[in-house]
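One letter stands for each residue in the lines below.
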Amino acid sequence: MKAIELDEESRNLLRRIVERQAFRQLMAANIRAHGLKFVPELDEKILLTHDLEQSLQILRSVEALYGKLGGENLSLAVRGQMERIPYPTSRLELAVCLVLCDSAERVAGSGYIDSESRDFAAIARSSLAMERTSTRRGHELFIEFASEAGNRPAAQQMFNRWLAIALVSLGRPGTPGDTRAVALRLRTKRCSDSVREYFESLKPFIAACHLVVPAGTTLGVDLAPELVATAGRA
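Everything in this summary refers to the structure shown in the same document.

## Describing the side chain of Arg-187
Tracing the sequence through the fold places Arg-187 in the loop between helix 9 (176–183) and helix 10 (191–208). A polar side-chain atom of Arg-187 sits 3.2 Å from a polar atom in the side chain of Tyr-112. Polar contacts involving the side chain of Arg-187 include one to the side chain of Asp-178, which spans 2.4 Å. Setting aside residues up to four positions removed in sequence, Arg-187 forms contacts with Gly-111, Tyr-112, Asp-178, Ala-181 and Val-182.

## Quick look at the packing of helix 2 (residues 42–68) against helix 7 (residues 133–146)
Relative to each other, helix 2 and helix 7 sit at 125°, their axes nearing to 7 Å. In this view, helix 2 runs oblique relative to helix 7, as classed from their interaxial angle. Contacts between helix 2 and helix 7 pair Glu-44, Leu-47, Leu-48 and Asp-51 from the former with Thr-133, Ser-134, Thr-135 and Arg-137 from the latter. The residue inventory of the contact of helix 2 with helix 7, partitioned by class, reads 2 nonpolar, 3 polar and 3 charged.

## Quick look at the pattern of salt bridges
Tallied over the full model, the rule gives 13 salt bridges. Across the pair Arg-132 and Glu-105 runs a salt bridge whose closest N-O atoms are separated by 3.5 Å. Of this pair, Arg-132 sits in the loop between helix 6 (118–128) and helix 7 while Glu-105 is found in helix 5 (residues 91–110), placing the two residues 27 residues apart along the sequence. There is no split in this pair, since Arg-132 and Glu-105 are both buried.

## What about helix 10?
With 18 residues, helix 10 extends 26 Å from end C-alpha to end C-alpha; this agrees with the ideal 26 Å at 1.5 Å per step. Leu-202 marks the point of greatest bend in helix 10, at about 45°, and the proline Pro-204 comes within the next four residues. Every buried residue belonging to helix 10 is among Cys-191, Ser-192, Ser-194, Val-195, Tyr-198, Phe-199, Leu-202, Phe-205 and Ile-206, and all of these are buried. Where helix 10 is buried, its residues touch helix 5, helix 7, helix 8 (152–169) and helix 9. Just downstream of helix 10 lies His-210, where phi reads positive at about 60°.

What counts as what
- Residues numbered from 1 in each chain as written.
- Predicted model: local features only at pLDDT ≥ 70, side-chain atom pairs only at ≥ 80, totals over all residues.
- Heavy atoms only, no water.
- Helix = DSSP H or I, 4+ residues; strand = E, 2+ residues; numbered from the N terminus.
- Polar contact = N/O pair within 3.5 Å; in protein donor to acceptor, adjacent residues only side chain to side chain.
- Contact = heavy atoms within 4.5 Å.
- Axes fitted to C-alpha atoms, helices over the stretch in contact; angles between N-to-C directions.
- Parallel < 35°, antiparallel > 145°, perpendicular 65-115°, else oblique.
- Nonpolar A, V, L, I, M, F, W, Y, C, P; charged D, E, K, R; others polar.
- Salt bridge = Lys/Arg side-chain N within 4 Å of Asp/Glu carboxyl O.
- Buried < 20%, exposed > 50% of the residue type's maximum accessible area, 1.4 Å probe, protein only.
- Expected span 1.5 Å × (residues − 1).
- Bend = angle between axes of the 7 residues up to and from the residue.

Okay, structure coming up:
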């Protein structure tokens, strides 16, 4: 496997970026596989399995790039993060989980389509091209559930749980690595821009479900208040 020619700083930083992408892809794949048991209809299982297969194909490309960057054992590199990720416990929780995590994946991917790393830009384009049909079905299901006022406390609780996880997957705004990734054009957006864009993308879903975005302290994440100011902050 031919190594990618980058200076040492760019190589190390890109390797960390690839690890974060692997974390998002592996999380999505594991959750989809786990969620099959909550989907009783055969046609729905097939749709979810198709989305799972796409996630795994992208993960294969991520693993190949990691090797070209000199990385070894990508699964081991992200194991610590993966062990902290819960699994949905119902069809409804699977629905909101996929809505929130897939939206985060799309926003993250959009920051890499013009990356100086052509290999990673290709991976980002593949991620953005995913059909995510099962996620769209879950989107409709969760909105229907939350339309009943009596269901909204449960909907809010599930939303909070997976919102925190999705935000972690977007990275930490304002870190030295965040700044250097943009300066080196490995990524075209800062993490804070991605978080802001993420909340903007969720506004229609949040409004349709009559949800609110809690403070970062409630979610257990470090989040500047201005990043969620337009998203329906509680």
